[in-house]
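Examination of the molecular architecture
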Amino acid sequence: LFGSYISPAELEFIDSMGKNEKEFDYLIFPLTQYPEEKTRAYGQSNAIEFTTLEISIITLSGDNQQEAENIYNRIAGNEILFEDAARTYSLDTYADNGGEVGKNYFFAMRENFNNEEDLDAVFSLKAGEISTLLETPYGYNIYRVNKTPELPDFSNEETLSVVKDYLISRERGLVEDFITVKATNFIASYQDDLSAAASEAGLDIFSATATPINYGSSLFLGSFEYSDAEQYLANLENNEAALTKLYSTAEGSFSEPIIINTGILIAFCKTDLVSE
């Protein structure tokens, strides 16, 4: 009743689960292949997000508004230098550097404010001006602008790299859709030579030896953990939709595109085996 007996039917069922195996070669189209011209176009359409500002900051406790106001008034009244106030009172990691943060992008600063109006106000300051005392998610902040905002240069490789990183992290669906179309087009134009096609596309071929479907990586069955050296397929063994795409692929065919962390994966089913 409590596990000392296992029925023959159950043993037969478990054994049958591991008899159907597939062997795959697979390719990964990385999200970083999102084209430069589309990256630039996105940046140009959202230029404010990539506008930069050189700032210094003082972070004060959010538990004592009166003290924060007193420190702010001393700075505004030139009783104490901004740098000295930062070193003496600021609670953040920039205190030892007199509050100097350096260059920040508009989009990266957004999470530091309770509302975008305060962020807009900081970006509207001229060089040398300080903000009002701002209540933020991290306490009370005082900003000083060290250099007026600088519009992004989308001919600059560093700026384009920032835009692409932004797209991948914050507009991921847009990038995934494009790369999925690219992977689909690869499948449609495939001419029976995977090595040549992958080389032309600038992609590596990864392989997994014959493996049964094993949702949840059961220890009773073979697993991609042992058959897939690169572990991309191994990371899909808790993904029912991905496994369905893989194991519904006929021998000699490609799977539907599968979204993974780094890009879009397509798998070519080399063999479809039924072991004795």
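An account of the accompanying structure is given in this report. (Residues numbered from 1 in each chain as written. Predicted model: local features only at pLDDT ≥ 70, side-chain atom pairs only at ≥ 80, totals over all residues. Heavy atoms only, no water.)

**A look at the sheet that holds strand β4 (residues 134-136)**
Formally: Any two strands between which DSSP finds at least two bridges are classified as paired. Only DSSP runs of H or I with at least four residues qualify as helices, and only runs of E with at least two residues qualify as strands; both kinds are numbered from the N terminus onward. Simply put, an axis is a line fit to the C-alpha atoms, just over the touching stretch for a helix, and the angle between two N-to-C directions goes from 0 to 180 degrees.
Reading across the sheet, the four strands line up as β3-β2-β5-β4 and stay open at both edges, with antiparallel pairing between neighbours. Either end of the sheet is taken by a strand with one partner, and the two such strands are β3 (100-105) and β4. Shown here is a sheet whose adjacent strand axes are inclined to one another by a mean of 45°, direction ignored. Bridge count for strand β2 (residues 52-60) against strand β5 (residues 139-150) is eight bridges, and the pairing is antiparallel. Among the inter-strand pairings, I57 is bridged to a residue of β5, identified as Y143.

**Some remarks on the side chain of S223**
To be explicit about the condition: Under the scheme applied here, a residue whose accessible area is under 20% of the maximum for its type counts as buried, over 50% as exposed, and between as partly exposed, the area being computed with a 1.4 Å probe on protein chains only. Any two residues whose heavy atoms approach within 4.5 Å are treated as being in contact.
Looking at where S223 falls in the secondary structure, it is placed in the loop between β6 (206-212) and α10 (224-227). You can call S223 buried: its relative accessible area is 6%. Every residue in contact with S223, bar those within four places of it in the chain, is listed here: T211, N214, S217 and E237.

**Considerations on the nonpolar core**
Within soluble globular proteins, side chains that are nonpolar generally end up buried alongside one another. Condition: Definition used in this section: a nonpolar core is a set of buried Ala, Val, Leu, Ile, Met, Phe, Trp, Tyr and Cys residues joined via side-chain atoms within 4.5 Å.
Judged by nonpolar contacts, the single largest core of 27 residues is most densely connected at L27, F29, F50 and F186. Of all the secondary-structure elements, those providing two or more residues to this core are β1 (20-30), α7 (157-170), α8 (172-188), α9 (194-201) and β8 (263-274). For this core, the element with the highest residue contribution is α7, accounting for five residues. Listed in part, the 18 residues of the second largest apolar core include F206, A208, L233 and A234.

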